[in-house]
Amino acid sequence: FYSGLEDYEKAKDFLFRVQKLTHEHKKPYDPMNIYNALGKVYTATKEYDLATRFYEKAIALSDTLKMEVLKLNSYGHIIDQYFASNQAEKGLRYFNSKPELKEFMQNAKMDYFVNQAYANAYLAIGKLDSAGYFFAIAEPGFETVNKGTKYWFYHNFSRYHRARGNYKKSLEYCLKAKQISD
């Protein structure tokens with residue numbers, strides 16, 4: 001709640017209190033969500049080292065609890081953090097170093113998310129031919145997702161076309177995104 005209001009100090013305070021209660025009530029899985037939430041708050045305040053520590057705590061706890069799939073959220077948050085801190089190449093290397101993340105998405109028939117991740121990474125580092133390739137193969141998969149997810153895909157594809165100087169196509173995807181948000 002407080003993060004949504006951009007009151008990050010209150011968000012941290014609240015999450016640390018929840019963490020203490022979770023520990024007192026011996027709820028083993030809840031700390032992973034708290035660690036990830038704290039990581040997101042620290043990412044928002046640009047305290048990336050602290051954010052990474054909380055994401056890594058969530059990953060370690062998921063290992064301890066033998067809940068491999070729960071690590072994937074933390075991996076995703078770390079990748080998002082690299083993009084938020086203008087370290088897209090580092091984010092791409094991290095993504096490539098986690099084959100289990102890509103494998104899970106592909107096994108779940110959500111490989112379009114993997115392709116979108118590559119498209120956004122290549123867009124961020126200026127490799128527009130590669131970005132275009134991955135956006136194009138990702139697009140059909142985004143026709144079947146929820147409106148919010150589809151909105152962000154169209155928004156990002158619009159950014160790609162703008163970067164290429166194809167303003168007509170950029171506007172087309174921008175209007176698709178706007179239509180979803182109306």
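How each quantity is defined
Residues numbered from 1 in each chain as written. Predicted model: local features only at pLDDT ≥ 70, side-chain atom pairs only at ≥ 80, totals over all residues. Heavy atoms only, no water. Helix = DSSP H or I, 4+ residues; strand = E, 2+ residues; numbered from the N terminus. Buried < 20%, exposed > 50% of the residue type's maximum accessible area, 1.4 Å probe, protein only. Contact = heavy atoms within 4.5 Å. Areas by Shrake-Rupley, 256 points an atom, 1.4 Å probe, with all protein chains shown as cover. Lys, Arg positive; Asp, Glu negative; His and termini not counted. Charge placed at Lys NZ, Arg CZ, Asp CG, Glu CD. Core = buried A, V, L, I, M, F, W, Y, C linked by side-chain atoms within 4.5 Å. Axes fitted to C-alpha atoms, helices over the stretch in contact; angles between N-to-C directions. Parallel < 35°, antiparallel > 145°, perpendicular 65-115°, else oblique. Left-handed = near helix turned anticlockwise from the far one by under 90°. Nonpolar A, V, L, I, M, F, W, Y, C, P; charged D, E, K, R; others polar. Expected span 1.5 Å × (residues − 1). Arc of directions from axis to C-beta.

Is there a simple way to think about the overall build of the protein chain in this case?
A count of helical and extended segments in the protein chain gives 10 helices and zero strands. Sequence-ordered secondary structure for the protein chain, helices as α and strands as β, is α-α-α-α-α-α-α-α-α-α. By principal-axis analysis of the C-alpha atoms, the protein chain measures approximately 55 × 35 × 30 Å. Here the protein chain holds 182 residues, and the buried ones make up 41% of them. If you take every contact in the protein chain between residues at least 6 apart in sequence, the share linking residues at least 24 apart comes to 45%. When the accessible surface of the protein chain is split by element, carbon and sulfur atoms take 53% of a total near 10,900 Å². Across the protein chain, the mean location of the 27 positive side-chain charges is 2 Å away from that of the 21 negative side-chain charges.

Any chance you could explain unusual backbone geometry here in plain terms?
Trans peptide bonds make up the majority, and among non-glycine residues the majority have a negative phi. For K46, which is not a glycine, the phi torsion comes out positive at approximately 60 degrees. Relative to the elements of secondary structure, K46 occurs in the loop between α2 (30–44) and α3 (48–64).

For this particular structure, what's the right way to read the nonpolar core?
As a rule of thumb, nonpolar side chains are buried together in soluble globular proteins. Core analysis: the largest hydrophobic core is formed by 44 residues, its most contacted members being Y94, Y118, F135 and F153. The element that contributes the greatest number of residues to this core is helix α7 (residues 111–124), accounting for seven residues. When neighbours within four sequence positions are excluded, Y94 is seen to be in contact with I59, Y75, I78, I79 and Y82.

Sorry, what's going on with the environment of K178 here?
Structurally, the position occupied by K178 is in helix α10 (residues 167–181). C-alpha of K178 to C-alpha of K150: the two residues are 28 residues apart in sequence and 11 Å apart in space.

Mind showing me how you'd approach the packing of helix α4 (residues 68–84) against helix α6 (residues 99–107) here?
Packed helices, taken two at a time, are described by the angle between their axes plus the distance between the axes. It is at 10 Å that the axes of α4 and α6 come closest, and there the two elements cross at 115 degrees. As far as their axial angle goes, α6 and α4 are roughly perpendicular. Between α4 and α6 the crossing geometry is left-handed. Counting all contacts with α4, which are made through V69, L72, Y75 and I79, the residues of α6 involved are E100, L101 and F104. Its residues assigned to classes, the contact of α4 with α6 shows six nonpolar, no polar and one charged.

So what exactly am I meant to see when it comes to α10 here?
Every α-helix winds through 3.6 residues per turn, so residues three or four apart in the chain are directed the same way. The end-to-end C-alpha distance of α10, which contains 15 residues, comes to 21 Å, matching closely the 21 Å that a straight helix rising 1.5 Å per residue would cover. What α10 keeps buried is the set S170, Y173, A177 and I180. Down the axis, α10 shows its buried residues gathered within 85 degrees of arc, on one side only. Turned more than 90 degrees off the buried face of α10, the exposed positions are Y167, K168 and Q179. For α10, the elements touching its buried residues are α9 (147–164).

Such coordinate-based values are descriptive only and should not be taken to indicate function.
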